[in-house]
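# Architecture at a glance
The chain contents come next:
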Amino acid sequence: MKFSFSQYDLQLKHAFTISRSSDAVRPVVLVRVEHEGIIGFGEAAPIRRYGESIESVVALLKAVQAVTFDDPFQLESILSQVESLAEGNHAAKAAIDIALHDWIGKKLQMPLHRLWGLADKTVTTSFTIGLDRPEIVAQKVREAEEFPILKIKLGREDDGAIIRTIRAITKKPLRVDANEAWTKKEEALDKIKWLEQEGVEFVEQPMPAHQLADTAWVHERVSVPLIADENAGRLHDIPKLCDAFDGINIKLMKCTGLREAMKMIHAARALGLRVMIGCMIETSVGISAASQLTPLVDYVDLDGNLLTTNDPFEGMKVVNGRVHLPERPGIGAIPRQAD
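A few points on the structure. (Residues numbered from 1 in each chain as written. Predicted model: local features only at pLDDT ≥ 70, side-chain atom pairs only at ≥ 80, totals over all residues. Heavy atoms only, no water.)

What follows is about unusual backbone geometry. For Asn179, which is not a glycine, the phi torsion comes out positive at approximately 50 degrees. With respect to the secondary-structure elements, Asn179 resides in the loop between β7 (174-177) and α7 (185-197). The exposure class assigned to Asn179 is buried, which follows from its relative accessible area of 4%. (Helix = DSSP H or I, 4+ residues; strand = E, 2+ residues; numbered from the N terminus. Buried < 20%, exposed > 50% of the residue type's maximum accessible area, 1.4 Å probe, protein only.)

If you want it as structure tokens, here you go:
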């Protein structure tokens, strides 16, 4: 097998702002696995919150290039060796996992969801509205008219103004993501109680991940579901979340890829937790890979590629807010033809 990779800078339609950062450009690393004339594509979208960067991704991928792998079907062996090469670096590991799965699907001439025996059903994805001035938020909401569900980023002093602005425009279901912004449990409780009255479906990661006991305190006092994001990185995180959250948000870039994501879905179900499949700002490679799992989950938030202007791939489609899985083999993402 031959591994190769290259950096690519994704340009955003709007500066993407959450409670802890704001970006107009998001760099990713695209990976290729070549074997027997077949190319599998993967992607790493590193996030500073998890101590990852383009440099850390490249360092691991160079280490992988120095190891000899002969058979892409040997997923357990290959991914175990990759896991042992470095601590963390989950996005880089996810890129390799995705590329291997894509190669296998192409070799077998089958989309991954069919290979896994999953129904090809359409599901609704939310569309994310980043933090901004209320007038810009209003513009973004109008631009997202085709999407029946909106995911609203909160975490600033003007949270109330943002929600009131949105509610003056639309009565669509809203999902809220605070990205760990509310550091005091009383503040989190007050905000969530207010959001309940505004028809919010759930609140994602209201408090910092290390304040799990405080989140559990809030959880006991609210009726709207709480969904773990930063608290739910990998499989081993799930058992300790049951008292504080009602569900988890799985992202391939956090959990090292499709193989572990599938394990996380089954573990969450066994513990009575709801499951969301989410994403970072990614190309259609990462998004199409994650979309293969949508038949198994309760909530879908796969819009990272839709927030960009220069996606170099095409794959999973969203039509009127609904996810349509690609029927091409593997993850279903192919390089976009130049105009």
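Next comes the rest of the description.
Among the nonpolar cores identified, the biggest contains 105 residues, and Ile152, Val176, Trp182, Val203, Ile248 and Ile250 are the most heavily contacted of them. The leading source of residues in this core is helix α3 (residues 90-108), at 10 residues. Beyond its immediate sequence surroundings of up to four residues, Ile152 is in contact with Ile129, Ile162, Ile163, Ile166, Leu174, Arg175, Val176 and Asp177. (Core = buried A, V, L, I, M, F, W, Y, C linked by side-chain atoms within 4.5 Å. Contact = heavy atoms within 4.5 Å.)

Another point: the sheet that holds strand β3 (residues 38-44). Strand-to-strand pairing in sheets goes through backbone hydrogen bonds, with the strands running parallel or antiparallel. With antiparallel pairing, 3 strands are arranged side by side in an open sheet as β1-β2-β3. Each having just a single partner strand, β1 (2-18) and β3 make up the two edges of the open sheet. Strand-to-strand, the axes of this sheet are offset by a mean angle of 25 degrees, without reference to chain direction. (Pairing = 2+ DSSP bridges. Axes fitted to C-alpha atoms, helices over the stretch in contact; angles between N-to-C directions.)

With that settled, consider the sheet that holds strand β6 (residues 150-153). Spatially, β5-β6-β7-β8-β9-β10-β11-β12 is the arrangement adopted by the 8 strands of the open sheet, whose pairing is parallel. Looking at which strands have only one partner, the edges of the open sheet turn out to be β5 (127-129) and β12 (299-300). With 3 bridges joining them, β5 and β6 adopt parallel strand pairing. Its bridge partner lying in β6, Phe127 is registered against Leu150.

The subject of this paragraph is the environment of Thr215. One can find Thr215 in helix α8 (residues 212-219). Between the C-alpha atoms of Thr215 and Thr183, which are 32 residues apart in sequence, the distance is 9.8 Å. Not counting chain neighbours up to four residues away, the residues in contact with Thr215 comprise Pro206, Met207, Leu226, Ala244 and Phe245.

Considered for burial, the residues of α8 that qualify are Thr215, Ala216, Val218 and His219. Take α8 and look down its axis: the buried residues cluster within an arc of 160 degrees, on one side only. As for α8, its buried residues are in contact with α7 and β9 (226-228). (Arc of directions from axis to C-beta.)

Counted under the stated rule, the structure contains 5 aromatic pairs. Considering the side-chain rings of Phe73 and Trp103, the 5.7 Å spacing of their centres and the 80 degrees angle between planes classify their relative orientation as edge-to-face. Of this pair, Phe73 sits in the loop between α1 (54-65) and α2 (75-85) while Trp103 sits in helix α3, and the two are 30 residues apart along the sequence. Assessed through its relative accessible area of 1%, Trp103 is described here as buried. In this structure, Lys185 packs its charged tip against the face of Trp217, placed 4.7 Å from the ring centre. (Phe/Tyr/Trp six-rings, centres within 6.5 Å; stacked < 30°, edge-to-face > 60°. Lys NZ or Arg CZ within 6 Å of the ring centre and 35° of its normal.)

Taken together, the buried positions of helix α6 (residues 159-167) are Asp159, Gly160, Ile162, Ile163, Ile166 and Arg167. The buried residues of α6 all sit within an arc of 160 degrees when viewed along its axis, so they share a single face. The secondary structure elements touched by the buried residues of α6 are α5 (134-143), β6, β7 and α7.

On to the packing of α5 against α6. Across the interface, α5 lies against α6 with an axial gap of 9 Å and an inter-helix angle of 40 degrees. The way α5 lies across α6 gives a crossing that is right-handed. Residues Pro134, Val137, Ala138 and Val141 of α5 form the contact with α6, whose own contacting residues are Ala161, Ile162, Thr165 and Ile166. When grouped by side-chain class, the residues that make up the contact of α5 with α6 number 7 nonpolar, 1 polar and no charged. (Left-handed = near helix turned anticlockwise from the far one by under 90°. Nonpolar A, V, L, I, M, F, W, Y, C, P; charged D, E, K, R; others polar.)

Glancing now at the pattern of salt bridges. Taken as a whole, this structure holds 27 salt bridges when the rule is applied. Here Glu83 ties to Arg234 by a salt bridge, and the two come within 3.0 Å at their closest N and O atoms. With a gap of 151 residues between them, Glu83 in helix α2 and Arg234 in the loop between β9 and β10 (247-250) connect regions that are remote in the sequence. For Arg234, a relative accessible area of 12% translates into the label buried. Where Asp177 meets Lys153, a salt bridge forms, and the shortest distance between an N and an O atom there is 2.8 Å. (Salt bridge = Lys/Arg side-chain N within 4 Å of Asp/Glu carboxyl O.)

Attention shifts here to the environment of Ala138. Tracing the sequence through the fold places Ala138 in helix α5. Note: C-alpha distance between Ala138 and Ile162 (24 residues apart in sequence) is 8.5 Å. If near-sequence neighbours (up to four positions away) are discounted, Ala138 is found in contact with Thr165 and Ile169.

Looking now at the pairing of β6. Covered by surrounding structure in β6 are Leu150 and Ile152 together with Lys151 and Lys153, the residues of both alternating faces. Taken together, β5, α5 and β6 form a β-α-β motif whose crossover is right-handed. Note that the unit made of β6, α6 and β7 has a crossover that is right-handed. (Right-handed = clockwise from strand over helix to strand, strands pointing away.)

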